[in-house]
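This is what each chain is made of:
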Amino acid sequence: MNDQVRASPIPPSLFAFSVFYGGMVCLAGVLGNKQVALGPLAVEAGIFAFLLLVITSSAVAELHGRETAKRLVLLGFVPLITSVLLSLVVLSVPPSPDMDPERLKAFNTMMSGTPRIWVGGITAYGVSTFLNVTIFSRLKAREGARLLWLRSAIASMLSQVVDTLIFITIAFYGVFPIGELILGQMLAKVVLSAVLVPPLVYMFVGLGRRLDARG
């Protein structure tokens, strides 16, 4: 009787990718505190974690369908918002008097953020990742299983453009001129999307299929 009512198990690839996805959601904001130079391009280091979110959601859409990928993106708000709230709590708690002042200053600098930055990050995450899944899935519906590399590249590049527009506009509009910052970030993210996303999507899809075959 219990076996008849027991829910179907989660596919191994979906479980593994969901755990990985939740970690990348939280890590992206922390890494974004550093800007890295990639030749002539400058970009926040958080883009690498965010690209892994795009890659993971695309792989889930390829393996388990659009609706499952959309639920993954939606559930990503849980660790994202929880990490922001927990950061606020930790920042509000008095530090130990034994803590090194330089380490405390560095911690506060890295973990602090204005409400506009937090709102911009959460909004950009939601819109751009849902957009990535939608574009990827619609291209798949039109092209079938072919051209995975092209579908993943197009979806990632377009979603990264939208992510940049939303985040920088919400976080910094009126604080300083944002035109050059938007153009520079767009260029860097589009290049990274074109170079990194297609091969990694193939790798994630292949890994997911192997996990499910063993499961």
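Residues numbered from 1 in each chain as written. Predicted model: local features only at pLDDT ≥ 70, side-chain atom pairs only at ≥ 80, totals over all residues. Heavy atoms only, no water.

Draft legend 1. Summary view of helix α2 (residues 12–31). Helix length check: α2, at 20 residues, gives a terminal C-alpha distance of 28 Å against a target of 28 Å (1.5 Å per residue), a fit within 8%. Of all the residues in α2, the buried ones are Ser13, Leu14, Phe17, Tyr21, Gly22, Met24, Val25 and Ala28. (Helix = DSSP H or I, 4+ residues; strand = E, 2+ residues; numbered from the N terminus. Expected span 1.5 Å × (residues − 1). Buried < 20%, exposed > 50% of the residue type's maximum accessible area, 1.4 Å probe, protein only.)

Draft legend 2. Representation of the side chain of Ser128 within the structure. Among the secondary structure elements, Ser128 is positioned in helix α7 (residues 115–143). A distance of 3.5 Å separates polar atoms of two side chains, one belonging to Ser128 and the other to Asp163. In contact with Ser128, not counting residues within four places along its chain, are Phe50, Ser159 and Asp163. (Polar contact = N/O pair within 3.5 Å; in protein donor to acceptor, adjacent residues only side chain to side chain. Contact = heavy atoms within 4.5 Å.)

Draft legend 3. Spotlight on the packing of α2 against helix α9 (residues 179–214). For the pair α2 and α9, interaxial distance at closest approach is 7 Å and the crossing angle is 130°. Here α2 lies oblique to α9, going by the angle between them. Here Pro12, Ser13, Ala16, Phe17 and Phe20 of α2 come into contact with α9, specifically with Phe204, Leu207, Gly208, Leu211 and Asp212. (Axes fitted to C-alpha atoms, helices over the stretch in contact; angles between N-to-C directions. Parallel < 35°, antiparallel > 145°, perpendicular 65-115°, else oblique.)

Draft legend 4. How the structure looks around a nonpolar patch on the surface. There is a patch of nonpolar side chains on the surface, built from Leu38, Phe48, Leu187, Val191, Val195 and Leu196 and spanning about 450 Å² of accessible area. With four residues, α9 is the single largest residue contributor to the nonpolar patch. Residue position: Leu187 is located in helix α9. The class for Leu187 is partly exposed, based on a relative accessible area of 48%. (Patch = residues over 30% accessible without salt bridge, like charges linked within 9 Å, V, L, I, M, F, W, Y side chains within 5 Å. Areas by Shrake-Rupley, 256 points an atom, 1.4 Å probe, with all protein chains shown as cover. Salt bridge = Lys/Arg side-chain N within 4 Å of Asp/Glu carboxyl O.)

Draft legend 5. Spotlight on the environment of Lys140. Following the sequence through the fold, Lys140 ends up in helix α7. Given a relative accessible area of 24%, Lys140 falls into the partly exposed group. Between the C-alpha atoms of Lys140 and Arg151, which are 11 residues apart in sequence, the distance is 7.1 Å. Non-local contacts of Lys140, meaning those with residues more than four positions away in its chain, are made with Ala61, Glu62 and Arg151. One polar contact links the side chain of Lys140 to the main-chain carbonyl oxygen of Glu62, over a distance of 3.0 Å.

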